[in-house]
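Letter by letter, the chains look like this.
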Amino acid sequence: MGKLVEAIERVLSEGAWQKLLTSVDRKRLPPLYSNENNPDPTVWVKFFYPRGSGTWLATEFDGKDTFFGYVMGLGDDELGYFSLSELAGAGCERDQYWKPIKLSDAKRKERRMQGRGD
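Since the structure is predicted, the reported quantities are computational estimates derived from the model, not experimental observations.

Novice: Sorry, what's going on with the packing of aromatic side chains here?
Specialist: For any pair of aromatic rings, the description rests on two quantities: the centre-to-centre distance and the angle between the ring planes. In the structure shown here, the tally under the stated rule is four aromatic pairs. Look at Phe67 and Phe82: their rings are 5.4 Å apart centre to centre, the planes differ by 20 degrees, and that puts the pair in the stacked class. Taken together, the residues span a long stretch of sequence, with Phe67 in strand E4 (residues 66-72) and Phe82 in strand E5 (residues 78-83) at a distance of 15 residues. Look at Phe67 and you get buried, because its relative accessible area is 0%.

Novice: I tried to follow the environment of Trp56 on my own but got confused; where do I start?
Specialist: Considering the arrangement of structural elements, one finds Trp56 in strand E3 (residues 55-61). Spatially, the C-alpha atom of Trp56 lies 9.5 Å from that of Cys92, the residues being 36 residues apart in sequence. Here Trp56 is in contact with Val45, Lys46, Phe47, Phe48, Tyr49, Tyr70, Val71, Leu74, Phe82, Leu87 and Cys92, once residues within four sequence places are set aside.

Novice: What am I meant to see in the sheet that holds E4 here?
Specialist: Think of a sheet as strands paired side by side through backbone hydrogen bonds, with each pair either parallel or antiparallel. In spatial order, the strands read E5-E4-E3-E2-E6; together these five strands make up an open sheet with antiparallel pairing. Each having just a single partner strand, E5 and strand E6 (93-94) make up the two edges of the open sheet. Contacts from helix H4 (residues 103-113) reach strand E2 (45-48), E3, E4 and E5, with the element oriented near 45 degrees to E4.

Calculation rules
Residues numbered from 1 in each chain as written. Predicted model: local features only at pLDDT ≥ 70, side-chain atom pairs only at ≥ 80, totals over all residues. Heavy atoms only, no water. Phe/Tyr/Trp six-rings, centres within 6.5 Å; stacked < 30°, edge-to-face > 60°. Helix = DSSP H or I, 4+ residues; strand = E, 2+ residues; numbered from the N terminus. Buried < 20%, exposed > 50% of the residue type's maximum accessible area, 1.4 Å probe, protein only. Contact = heavy atoms within 4.5 Å. Pairing = 2+ DSSP bridges. Axes fitted to C-alpha atoms, helices over the stretch in contact; angles between N-to-C directions.

Written as structure tokens, this is what we have:
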């Protein structure tokens, strides 16, 4: 029975990776450092923690595991790096209905959704 549970968990985990970042997302996310001089880059993908308040707004991706973007709801909101493997391991989800918007607009939208105003 233990091996069956392990196999099911592995399949679910692998499926979660595919759902967390689609091939379309991978293609449209610009490479790391490409927005260094852009004060208001586009947020292409939004990730969230369904059992808590964490939100990750991805603006760049290295094509493998590392994102750059804006992290909200985990203490101080800030720009920084985060990884696909950590998001998947923590049980995060991708907002399937997210439409790319500028970071300034995304921050306002997310703050309103969290009841924090502008």
